[in-house]
Amino acid sequence: MRLYNTLTRREEEFAPEGRIVRMYACGPTVHDRFTIANARAFLTFDVLRRYLEFKGYKVIYTQNITDIEDKIINRARELGVPPQELAEQNIRAFFEDREKLGIAPPTYQPRATEVIPQIIEFISDLLERGYAYIVDGDVYYRVRRFSGYGKLSGKDLEELEAGARVEPDPRKEDPLDFALWKASKPGEPAWDSPWGKGRPGWHIECSVMAQSTLGETIDIHGGGADLIFPHHENEIAQSEARTGKPLARFWVHNGLVMVGGEEMHKSLGNFEYARDIVDRYGKEAVRLFFLSKHYRKPVNFSHEAVEEAQAAVERVYNLLEEIEASLSSGPGIETEAESPDPAFSAYLDGVKAEFEQEMDSDFNTAGGLGVIFELVRRTNAFLQVAGPEDQPLLRRAGELIRELGRPLGLFQEEPRARRRAIIAGTAGISAGLEEGLINLLVEVRSELRAKGEFALADRIRARLNELGIELRDKDGETRWSLKRLPQGQGQ
Ligand SMILES: [Zn+2]
């Protein structure tokens, strides 16, 4: 597999030793629920992990939770709750929303507040090696001491220094230096340290959690492109100053989510919560929407685009359902009279390799989906002309769609059960179909009565009654209510 490495600015062959991949991706800062922009980063690395597993690798995946940070403290103050309570609440929400999106839990999910002793040990080490200094209970990283600073982002130190000098902090030796440890102000969460009470900076958390769960050099470090500088640059400076070894072989970054040409960001107020979008369109629509773009490119978010993705998901499930129906209505006996269509059979033979070729080319999920949708298109066409002898081919086509959908987290549900759940409103998508359908029947019945077709109108009323829905006609209007909870009506 070839993968673009932000560090070297080119595609490289990704071939970890021993079929084991150690991957770290930056997780949420739990000051709020996560947005659809955050969802893209979580999804990208969920799918990269699934695809590496599909290729036979064992993936050890760590994603951190930042549960102590300025944003959490500030938001907690606004809401008038203790910061740790707000963090706990949003960690629970993070787990819920992640599950809604069909994102698998990582192998390790450490929280910053659980690794404070390791953070203190790490900072002590940097102090000892001359990479850090203490000022009034704060500890800063001495950026100029680390010769590789700027290698990930390609930034030039003088340029950075000019930018940092705009608001200089006279306590720092150099405007470029960043905080490893922050002395706590009264009322803030604080931990004891050799430098006084305080809390860790954001960047050091990731260095510590990556190293403590995955070792000194990992295979892939991931995150959104907005984290390249300063967060990932600082992680490199911290970790490599301590170990003298590369922190990560590959740096992989997903592109940003845009709204009308602007970056979607909490601070700009142009964001949508991920859960609201999933509740409306379903997790597979959201996954398909992001995966149909190249992960490194920015993507424009719009409701229309997710709606289109939803329609595409339905097309696939409709085909899977049709295949099932045609298999179960078929003769069920292998007819030897004719052999299966050789052209379609040969095409199916090559589909998986085509899919992998796309995915192996810098994790091109858009290309991989293109192969799946071509398979869907051709299978749909084949279904129209397929004879009984083609049933094994249809079954294989359906299995292939599912097999290739698996690393993308798509098309894994049983189509009929899924459709029933959507109609019943239990699929987690607020379709509201049931109520709409009852209203439609009531309307049709009223029109039939108006036309004098009482027999048919009465049949609708009687059938609804059997289903537990009672109609009452009053003053030329019909109202309906539930006589009892419907039970076991669906087949
Ligand atoms: Zn991080």
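Computed from a predicted model, the values in this text were never measured in an experiment.

Novice: I'd like a rundown of the overall build of the protein chain, residues and numbers included.
Specialist: Each helix and strand in the protein chain was counted, giving 16 helices and 15 strands. Principal-axis analysis of the C-alpha atoms places the extent of the protein chain at approximately 90 × 65 × 35 Å. Within the protein chain, buried positions represent 49% of all 491 residues. Restricting the contact set of the protein chain to residue pairs at least 6 apart, pairs at least 24 apart contribute 74%. About 23,400 Å² of surface is accessible on the protein chain, with carbon and sulfur atoms providing 49% of the total. If you average the places of the 65 positive and of the 81 negative side-chain charges in the protein chain, the two averages end up 2 Å apart.

Novice: Lay out the sheet that holds strand E7 (residues 178–183) in plain terms, naming residues and giving numbers.
Specialist: An order of E5-E6-E7-E8 is seen for the four strands of this open sheet, with the pairing classed as antiparallel. Here the strands that pair on one side only, and so sit at the sheet edges, are strand E5 (132–135) and strand E8 (198–200). Put simply, the sheet's adjacent strands are angled 25° from each other on average, direction ignored. Strand direction decides the pairing type here: E7 and E8, joined by three bridges, are antiparallel.

Novice: Could you give an account of the coordination of the zinc ion, naming the residues involved and the relevant values?
Specialist: Around the zinc ion, the protein supplies Cys26 (SG), Cys206 (SG) and His231 (NE2) as donor atoms, at distances of 2.1 to 2.2 Å. When the donor residues of the zinc ion are listed from N- to C-terminus, their spacing reads C-x179-C-x24-H. Of this pair, Cys26 sits in the loop between strand E3 (20–25) and helix H1 (36–54) while Cys206 sits in helix H6 (residues 202–214), and the two are 180 residues apart along the sequence. Both residues of the pair, Cys26 and Cys206, belong to the buried class.

Novice: Can you lay out the packing of aromatic side chains for me, pointing to particular residues and giving the numbers?
Specialist: According to the stated counting rule, one finds 21 aromatic pairs in the structure shown. With a centroid separation of 5.7 Å and 65° between ring planes, the pair formed by Phe34 and Phe94 is classed as edge-to-face. Of this pair, Phe34 sits in the loop between E3 and H1 while Phe94 sits in helix H3 (residues 83–100); the two residues are 60 residues apart in sequence, bridging distant segments of the chain. With respect to burial, Phe34 and Phe94 carry one shared label: buried. Taking 4.0 Å as the distance between ring centres and 10° as the angle between the ring planes, the aromatic pair formed by Phe344 and Phe382 counts as stacked.

Novice: I'd love a proper account of the pattern of salt bridges, names of residues and values included.
Specialist: Scanning all chains against the criterion turns up 46 salt bridges. The partner of Asp32 in a salt bridge is Lys266, and the shortest N-O contact between them spans 3.6 Å. Pair noted here: Asp32 is in the loop between E3 and H1 and Lys266 is in the loop between strand E12 (262–263) and helix H8 (274–281), with a separation of 234 residues, a long-range link. You can call Lys266 partly exposed: its relative accessible area is 25%.

Novice: Explain the domain arrangement of the protein chain to me, using residue names and the numbers behind them.
Specialist: Assigned domains within the protein chain: domain 1 (2–254), domain 2 (303–424) and domain 3 (433–482). If you look at the interface, domain 1 gives 11 residues, while domain 2 gives 15 residues. Here domain 1 and domain 2 share an interface that buries about 1,100 Å² over both sides, 63% of which is from carbon and sulfur atoms. Sorting the residues of domain 1 by area buried against domain 2 places Val47, Tyr51 and Phe54 first, and these three jointly supply 53% of that buried surface. The tally of links from domain 1 across to domain 2 stands at two salt bridges. A salt bridge links Asp360 to Lys55; the nearest nitrogen and oxygen atoms lie 3.0 Å apart. Between the two partners, domain 1 and domain 2, sit five residue pairs in polar contact (both at pLDDT 80 or more). When residues of the side of domain 1 that touches domain 2 are traced back to their parent elements, those giving at least two are strand E1 (2–5) and H1. The greatest single-element share of the side of domain 1 that touches domain 2, amounting to six residues, is contributed by H1. Residue composition of the side of domain 1 that touches domain 2, grouped by class: six nonpolar, one polar and four charged.

Novice: Tell me about the side chain of His221, and please be specific about residues and values.
Specialist: Tracing the chain through its elements places His221 in strand E9 (residues 218–224). Residue classification places His221 among the buried positions, given a relative accessible area of 0%. Within the local environment of His221, its side chain forms a polar contact with the side chain of Glu235, the two groups lying 2.6 Å apart. Beyond its immediate chain neighbours, meaning those up to four positions away, His221 contacts Tyr24, Cys26, His232, Glu235, Leu247, Ala248, Phe250, Trp251 and Val252.

Novice: Which residues make up helix H16 (residues 454–466), and what values go with them?
Specialist: An ideal rise of 1.5 Å per residue puts 18 Å on 13 residues; H16 measures up with 18 Å between its terminal C-alpha atoms. Of all the positions in H16, only Ala457, Ile460 and Leu464 are classed as buried. Looking straight down H16, one finds its buried side chains confined to an arc of 55°; they lie on one side. Across from the buried face of H16, at angles greater than 90 degrees, the exposed residues are Ala455 and Arg459. Residues of H16 that are buried in the fold lie against helix H15 (433–450) and strand E14 (469–474). One or two steps after H16, the chain reaches Gly468, where phi turns positive at roughly 95°.

Novice: I'd like to hear about the pairing of E7, residue by residue, with values.
Specialist: Bridge count for strand E6 (residues 138–141) against E7 is three bridges, and the pairing is antiparallel. Bridged to Val139 within E7 is Trp181.

Novice: I'd like to hear about the packing of H6 against helix H7 (residues 228–243), residue by residue, with values.
Specialist: The N-to-C vectors of H6 and H7 enclose an angle of 55°; their axes lie 9 Å apart at closest approach. In terms of orientation, H6 and H7 fall into the oblique class. Crossing of H6 against H7: the hand is right-handed. From H6, Trp202, His203, Ile204, Cys206, Ser207 and Gln211 reach across to H7, where they touch Pro230, His231, Asn234, Glu235, Gln238, Ser239, Arg242 and Thr243.

Novice: Report on the packing of H1 against helix H9 (residues 283–291), specifying residues and quantitative values.
Specialist: Interhelical geometry of H1 versus H9 gives an angle of 80° and a closest axis separation of 10 Å. With respect to each other, H1 and H9 are oriented roughly perpendicular. Where H1 approaches H9, its residues Ile36, Arg40, Leu43, Asp46, Val47 and Arg50 are matched on the opposing element by Val286, Arg287, Phe290 and Leu291. Taken together, the residues that form the contact of H1 with H9 break down as six nonpolar, no polar and four charged.

Reading guide: rules and limits
All residue numbers refer to position in the chain's written sequence, counted from 1. Local features in this predicted model are restricted to residues whose pLDDT is 70 or higher, and side-chain atom pairs enter the listing and the counts only when it is 80 or higher, whereas totals over whole chains, interfaces and linings include all residues. Think of the side-chain values as coming from all heavy atoms in the structure, minus any hydrogens and water. Runs of E in the DSSP output that reach at least two residues are strands. Runs of H or I that reach at least four are helices, and both are numbered from the N terminus. Relative accessibility thresholds used throughout: buried, under 20% of the residue-type maximum; exposed, over 50%; partly exposed, between the two (1.4 Å probe, protein chains only). Here, two residues are considered to be in contact whenever any of their heavy atoms come within 4.5 Å of each other. Throughout, the Shrake-Rupley method with a 1.4 Å probe supplies accessible areas, and for residues the shown protein chains are the sole cover considered. Residues counted as positive are Lys and Arg, residues counted as negative are Asp and Glu, and His and the chain ends are not counted. To locate a charge, take atom NZ for lysine, CZ for arginine, CG for aspartate or CD for glutamate. Whether two strands pair comes down to DSSP finding at least two bridges between them. Only the stretch in contact is used when fitting a helix axis, every axis being a line fitted to C-alpha atoms; angles between N-to-C directions are given from 0 to 180 degrees. The rule for donors is simple: N, O or S, within 2.8 Å of the metal, or within 3.2 Å if the metal is Na, K or Ca. Water isn't counted, so a site may look like it is missing partners. Only Phe, Tyr and Trp rings take part, Trp by its six-membered ring, and two of them pair if their centres are within 6.5 Å. Stacked means planes under 30 degrees apart, edge-to-face means over 60, and tilted covers everything else. Whenever a carboxyl oxygen of Asp or Glu lies within 4 Å of a side-chain nitrogen of Lys or Arg, that contact is scored as a salt bridge. Bear in mind that the domain bounds are from an automatic or database domain assignment. Two parts placed together each lose some accessible area under a 1.4 Å probe, and the buried area is that loss summed for both. Residues adjacent in sequence count toward polar contacts only when both atoms are side-chain atoms; beyond that, a polar contact is any pair of N or O atoms within 3.5 Å, and within protein one must be able to donate a hydrogen and the other to accept it. In the scheme used here, Gly and all other residues not listed as nonpolar or charged are polar, with Ala, Val, Leu, Ile, Met, Phe, Trp, Tyr, Cys and Pro taken as nonpolar and Asp, Glu, Lys and Arg as charged. Residue count minus one, scaled by 1.5 Å, sets the expected span of a helix. Here the arc refers to the directions that run from the helix axis out to each C-beta atom. Note that the term roughly parallel is reserved for angles under 35 degrees, roughly antiparallel for angles over 145, roughly perpendicular for angles of 65 to 115, and oblique for everything else. Take the far helix as the reference: if the near one is turned anticlockwise from it by less than a right angle, the crossing is left-handed, and if turned clockwise, right-handed.

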